[in-house]
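# Summary of structural features
Listed here are the chains, written in short residue letters.
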Amino acid sequence: MGNQKHHTTIPAVIEKIEEACEFVNAQARAVGLSEDAVYHCHLSVEEVLTNIIEHGYNYEGDNKVIEIVTDKTQNAFVIVIIDDAPKFDPLQQP
């Protein structure tokens, strides 16, 4: 079946979110996901990256990177987002 795992990195800035989404869109289409599924992947990645940059890095991630990995397994299209922003624990919020 060949290697279907791909990755890219972006600087942790808002201006690069669309670049990451386009990467995910291309990989999702390449493995045959429907346009509806591609849209959901795009929306999810956009939301996660926005949260990392806004809340994790407080818009100060210019010297940080975020890695995006996609992988097609037998039963799923997997998107992994790797960053080193401080962890967010919702149970610690009022």
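What you see is a predicted model; the values in this text were computed from it and never measured. (Residues numbered from 1 in each chain as written. Predicted model: local features only at pLDDT ≥ 70, side-chain atom pairs only at ≥ 80, totals over all residues. Heavy atoms only, no water.)

### Focus on helix α2 (residues 35–56)
When the terminal C-alpha atoms of α2 are compared, their 30 Å separation across 22 residues agrees well with the 32 Å that a helix rising 1.5 Å per residue should span. Within α2 the residues assigned to the buried category are V38, C41, H42, V45, L49, I52, I53 and G56. Projected onto a plane normal to the axis of α2, the buried residues spread over an arc of 130° and lie on a single side. In α2, the exposed positions that point more than 90 degrees away from the buried face belong to D36 and H55. Looking at the packing, one finds that the buried side of α2 touches β1 (5–12), α1 (17–30), β2 (61–72) and β3 (77–82). Downstream of α2 by a residue or two, N58 has a phi angle that is positive, lying close to 50°. (Helix = DSSP H or I, 4+ residues; strand = E, 2+ residues; numbered from the N terminus. Expected span 1.5 Å × (residues − 1). Buried < 20%, exposed > 50% of the residue type's maximum accessible area, 1.4 Å probe, protein only. Arc of directions from axis to C-beta. Contact = heavy atoms within 4.5 Å.)

### Topic: the sheet that holds β2
Taken in spatial order, the three strands of this open sheet run β1-β2-β3, and their pairing is antiparallel. Where the open sheet ends on each side, the last strands, each with one partner, are β1 and β3. Strand after strand, the sheet turns through a mean of 15° between neighbouring axes, direction not considered. Across six bridges, β2 lies against β3 in antiparallel orientation. (Pairing = 2+ DSSP bridges. Axes fitted to C-alpha atoms, helices over the stretch in contact; angles between N-to-C directions.)

### Remarks on the environment of V78
Structurally, the position occupied by V78 is in strand β3. Counting along the chain gives 60 residues from V78 to E18, while the straight-line C-alpha distance between them is 19 Å.

### As for the side chain of H42
Turning to its location among the elements, H42 is positioned in helix α2. In this structure H42 comes out as buried when scored by relative accessible area, which is 15%. Those residues within four positions of H42 in sequence are excluded, and the remaining contacts are E18, C21 and N25.

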